[in-house]
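Read off the chains here:
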Amino acid sequence: MKTALTIAGSDSSGGAGIQADIKTMAANGVYAMSAITALTAQNTTGVSDIMEVTPKFLGEQIDSVFTDIRPGAVKIGMVASAQLISKIAEKLKEYDAKNVVVDPVMVATSGAKLISDDAIETLKTELMPLADLLTPNIPEAEVLADMKIGSEAEMEAAAGIISRKYGCDVLCKGGHKVSDASDLLCTDSQRIWFRGERIDNPNTHGTGCTLSSAIASNLAKGFSMEKSIERAKAYITGALSARLDLGQGSGPMDHTFDIKSAFTEEAAE
Ligand SMILES: Nc1ncnc2c1ncn2[C@@H]1O[C@H](COP(=O)(O)OP(=O)(O)O)[C@@H](O)[C@H]1O
Ligand SMILES: Cc1ncc(COP(=O)(O)OP(=O)(O)O)c(N)n1
């Protein structure tokens, strides 16, 4: 079985973060492992508290994974502090990690800030240069490229700036647009659009975590970057289309929409 590691924060409501990543990796057929950067007390309406692990303990989790079951891909999500980011960079280099997907998580849909300002600088200087793929949403791409994005042409310009600056592929996600949900991949030689119809569903908690984990899963399985994104886009479209409706705010998606087995039958009366 192919393997993948998520290095991210825990979401107590299960829709984003580590929980979304593990469900996604399992649904995409890879063995999922985790190194937790922080616990969040969070639900569909917001984040009420965050408790970070120490850099030493994060390093020990990563050591435990890499020295035993080597991950075929690594997805990195919420990392709130500069010290934790430096520790991750150190360990990725130490273990020569492959297929590194960095989701530069900054702000949750609910509005909660998930990274400190000084950590954004460390993310740029230490972690992003180690990525094979960066997956900013539009507000994150605006911060990273230092420009406003209001059109597809501006998405292309911003993704180009970020890709050149950090020497990696960039997927600028279009979930924050109002017209459609098309994402743009920028490599050193190509611009590829992944076109998506906007699904009329207010429950989009964890879409970014889910997409980046699905891409990492497909990279771990040996698909090319383009094919991995195409497959991940189909997966998230399916998860959103299942129209799960839980919680009082922006609810989670159905990560298991495509899994039917003897163990997923209806609940007992
Ligand atoms: N309403 C929607 N309908 C279809 N796809 C969506 C919708 N909202 C987000 N997506 C898709 O979900 C993925 C994550 O994008 P986005 O929501 O922009 O990320 P983030 O959660 O980091 O803000 C992208 O592939 C995007 O196109
Ligand atoms: C623990 C944790 N990590 C990341 C996020 C943000 O997730 P994302 O997929 O970007 O989805 P939204 O929150 O923007 O819907 C989070 N909320 N919690």
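These figures come from a predicted structure and were not determined experimentally.

Rules and cut-offs
- Counting from 1, residues in each chain are numbered in the order their sequence is written.
- Just so you know, chain letters begin at A and ligand numbers begin at 1, following the order they were written in.
- Per-residue local features are limited, in this predicted model, to residues with pLDDT of at least 70; the limit for side-chain atom pairs, both in listing and counting, is 80 or more; totals at the level of whole chains, interfaces and linings are taken over all residues.
- For the side-chain quantities, the full set of heavy atoms in the structure was used; hydrogens and water were omitted.
- Each residue is assigned to one of three classes by its accessible area relative to the maximum for its type, calculated with a 1.4 Å probe on protein chains only: buried under 20%, partly exposed between the two thresholds, exposed over 50%.
- A run of DSSP states H or I qualifies as a helix once it reaches four residues; a run of E qualifies as a strand once it reaches two. Both are numbered from the N-terminal end.
- Any two strands with at least two DSSP-identified bridges between them are counted as paired.
- Whether two residues touch is decided by their heavy atoms; if any such pair falls within 4.5 Å, the residues are in contact.
- Only the stretch in contact is used when fitting a helix axis, every axis being a line fitted to C-alpha atoms; angles between N-to-C directions are given from 0 to 180 degrees.
- It suffices for a single heavy atom of a residue to lie within 4 Å of a molecule or strand for the residue to be listed as near it.
- For this analysis, a polar contact is any N or O atom pair within 3.5 Å, provided that within protein one partner can donate a hydrogen and the other can accept it, and provided that sequence-adjacent residues contribute only side-chain to side-chain pairs.
- The Shrake-Rupley method, run with a 1.4 Å probe sphere, supplies the accessible areas, and residue values consider only the shown protein chains as cover.
- Residues are sorted three ways: Asp, Glu, Lys and Arg are charged, Ala, Val, Leu, Ile, Met, Phe, Trp, Tyr, Cys and Pro are nonpolar, and all the rest, Gly among them, are polar.
- The method works on a 1 Å grid over the protein atoms by themselves. A cavity is a set of points holding a 1.4 Å probe that cannot get out, a pocket is an open set with protein on both sides within 12 Å along at least five of seven lines, and residues with an atom within 4 Å of a point line them.
- More than half of a molecule's atoms within 2 Å of the grid points is what it takes for that molecule to sit in a cavity or pocket.

The next thing to look at is the pairing of strand S8 (residues 183-186). Sheet faces and side chains relate simply in a regular strand, where the side chains alternate between the two faces. Along S8, one buried face is formed by Asp183 and Leu185 and the opposite face, lined by Leu184 and Cys186, is buried too. Pairing between strand S7 (residues 169-172) and S8: 3 bridges, direction antiparallel. Its bridge partner being in S8, Val170 is matched across the sheet by Cys186. Sheet analysis places S8 next to strand S9 (residues 191-194), joined by 4 bridges and oriented antiparallel. Looking at S9, one finds that Cys186 is bridged to Arg191.

In spatial order, the strands read S3-S2-S1-S4-S5-S6-S7-S8-S9; together these 9 strands make up an open sheet with mixed pairing. Since the sheet does not close on itself, it has two edges, and those belong to strand S3 (46-52) and S9, each with one partner. The pairing of strand S1 (residues 3-11) with strand S2 (residues 31-43) spans 9 bridges and is classified as parallel. Residue pairing in the sheet places Leu5 in a bridge with Met33 of S2. Of the strands in this sheet, S1, S2, S3, strand S4 (73-76) and strand S5 (100-102) touch helix H3 (residues 82-94), which is tilted by about 170 degrees from S4.

Close to ligand 1 lie 15 residues; Lys173, His176, Asp183, Ile199 and Lys233 are nearest. Taking Asn137, its side chain carries an N or O atom lying 2.8 Å from an oxygen atom of ligand 1. In the complex, the protein chains occlude 93% of the 560 Å² of accessible area that ligand 1 would expose alone. Secondary-structure elements contributing two or more residues to the shell around ligand 1 are helix H7 (207-220) and helix H8 (225-241). For the shell around ligand 1, a count of residues per class yields 5 nonpolar, 5 polar and 5 charged.

What follows concerns the site of ligand 2. Neighbouring ligand 2 are 17 residues; Gln42, Thr109, Gly206, Gly208 and Cys209 lie closest to it. Taking Thr204, its main chain carries an N or O atom lying 3.4 Å from an oxygen atom of ligand 2. Taking Cys209, its main chain carries an N or O atom lying 2.7 Å from an oxygen atom of ligand 2. For ligand 2, the accessible surface in isolation is 420 Å², of which the surrounding protein chains cover 96%. Spatially, ligand 2 is embedded in the largest pocket.

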